[in-house]
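Residues per chain are reported as follows:
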Amino acid sequence: MDQIRDYVETALQESGSHGFDHILRVTHLCEAIGRVEGADMRVLIPAALFHDIARPLEDERGIPHEEEGARIAEGYLNAVHYDADRIPGIAHAIRTHRYRSTATPETLEAQILSDADKLDAIGAVGLARTFLRAGEHGGGIQDAVDHIGEKLLKLKSLMYTDGARHIAEERHAFLTRFVENLEGEMHSGGRSR
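Everything numeric here is computed off the predicted structure, so don't read it as measured data. (Residues numbered from 1 in each chain as written. Predicted model: local features only at pLDDT ≥ 70, side-chain atom pairs only at ≥ 80, totals over all residues. Heavy atoms only, no water.)

This part is about the overall build of the protein chain. Of the regular secondary structure elements, the protein chain holds 10 helices and 0 strands. For the protein chain, the α and β elements follow one another from N to C terminus as α-α-α-α-α-α-α-α-α-α. Projected onto its principal axes, the C-alpha coordinates of the protein chain cover approximately 65 × 35 × 30 Å. Considering only residue pairs separated by 6 or more positions, the protein chain has 65% of its internal contacts joining residues 24 or more positions apart. Surface summary for the protein chain: the accessible area is close to 10,000 Å², and the carbon and sulfur share equals 49%. (Helix = DSSP H or I, 4+ residues; strand = E, 2+ residues; numbered from the N terminus. Contact = heavy atoms within 4.5 Å. Areas by Shrake-Rupley, 256 points an atom, 1.4 Å probe, with all protein chains shown as cover.)

Another point: the packing of aromatic side chains. All chains considered together, the criterion is met by 4 aromatic pairs. On the basis of an interplanar angle of 50° and a centroid distance of 6.0 Å, the ring pair of tyrosine 7 and phenylalanine 50 is categorised as tilted. Remark: phenylalanine 50 occurs in helix 3 (residues 41-50) and tyrosine 7 occurs in helix 1 (residues 2-11); sequence separation between them is 43 residues. A relative accessible area of 0% places phenylalanine 50 in the buried class. Aromatic pair tyrosine 7 and tyrosine 76: ring centres 4.2 Å apart, planes at 25°, arrangement stacked. With tyrosine 7 in helix 1 and tyrosine 76 in helix 5 (residues 65-79), this residue pair connects regions lying 69 residues apart in the sequence. Under the relative-accessibility criterion, tyrosine 76 is labelled buried at 11%. In this structure an aromatic cluster arises from ring pairing among Tyr7, Phe50 and Tyr76. (Phe/Tyr/Trp six-rings, centres within 6.5 Å; stacked < 30°, edge-to-face > 60°. Buried < 20%, exposed > 50% of the residue type's maximum accessible area, 1.4 Å probe, protein only.)

Within the element layout of this structure, arginine 61 appears in helix 4 (residues 55-61). The class of arginine 61 is exposed, set by a relative accessible area of 57%. Along the sequence, arginine 61 and histidine 81 sit 20 residues apart, while their C-alpha atoms lie 30 Å from each other.

This part takes up the nonpolar core. Ile4, Val8, Cys30, Phe50, Leu77, Leu113 and Leu119 are the most contacted members of the largest nonpolar core, which has 47 residues in total. Among the elements of the structure, helix 1, helix 2 (20-37), helix 3, helix 5, helix 6 (87-95), helix 7 (108-119) and helix 10 (162-187) are those that each provide at least two residues to this core. Per element, the largest residue contribution to this core is 7 residues, and it comes from helix 3. Counting contributing residues, this core receives three or more from each of domain 1 (1-103) and domain 2 (122-192). (Core = buried A, V, L, I, M, F, W, Y, C linked by side-chain atoms within 4.5 Å. Domains from an automatic or database assignment.)

Two quantities define a packed helix pair, namely the angle between the helix axes and the distance between the axes. In the contact formed by helix 1 and helix 3, the axes pass within 9 Å of each other and the chain directions differ by 15°. Between helix 1 and helix 3, the crossing angle belongs to the class labelled roughly parallel. Here the hand of the crossing between helix 1 and helix 3 comes out right-handed. Residues Ile4, Arg5, Tyr7 and Val8 of helix 1 pack against Pro46, Leu49 and Phe50 of helix 3. In the contact of helix 1 with helix 3, the residues fall into 6 nonpolar, no polar and 1 charged. (Axes fitted to C-alpha atoms, helices over the stretch in contact; angles between N-to-C directions. Parallel < 35°, antiparallel > 145°, perpendicular 65-115°, else oblique. Left-handed = near helix turned anticlockwise from the far one by under 90°. Nonpolar A, V, L, I, M, F, W, Y, C, P; charged D, E, K, R; others polar.)

Let's shift gears to the domain arrangement of the protein chain. In terms of domain boundaries, the protein chain breaks down into domain 1 (1-103) and domain 2 (122-192). Each of domain 1 and domain 2 was reduced to a C-alpha centroid, and the two centroids are 24 Å apart. With 9 residues of domain 1 in contact, the opposing surface of domain 2 contributes 16 residues. At the boundary of domain 1 with domain 2, total buried surface from both sides reaches about 980 Å², with 63% on carbon and sulfur atoms. Our enumeration of links across domain 1 and domain 2 arrives at 0 salt bridges. Linking domain 1 with domain 2 are 2 residue pairs in polar contact (both at pLDDT 80 or more). Tallied by class, residues from the side of domain 1 that touches domain 2 come to 3 nonpolar, 4 polar and 2 charged. (Buried area = accessible area lost by both parts, 1.4 Å probe. Salt bridge = Lys/Arg side-chain N within 4 Å of Asp/Glu carboxyl O. Polar contact = N/O pair within 3.5 Å; in protein donor to acceptor, adjacent residues only side chain to side chain.)

Written out as structure tokens, the structure is:
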């Protein structure tokens, strides 16, 4: 796994809302949820490490990162003679992890990766990533607030696994409190009570 991690880290040199730190958080969530759910870690962890490897290509060329990421993972894993029986499951998890994907995660490992990726979008880290993302795209506070309403507040109900649902409850509660406070401050006009 160290070899895979090093490869992905080299490919994702730039930081940002989908940088290598995001990959590591999603991988740690996958490890925690995967242990509880009884997942095949030799499928789940490589999928987590590779899941956003093609994000820069999507931003540059408009290539869907989940499709290109699965292709990159398959090529790399075949080249290093990874267990050939597990590569299709890894590719499936990568192809189906995305919130906007129309493909459904059919395996436990794919469901856990999808859950972990969504979990990193809610809670304190998710909020930080949302504002970072707004800045990356030239937006401001209102753009981040819109993204929270359009996507983040919906994620709690989209979890596949019990372990992820438990984590999502806590993170969603934090997210909801933050939004209420932010909207209160934005609409108060800076007046003190």
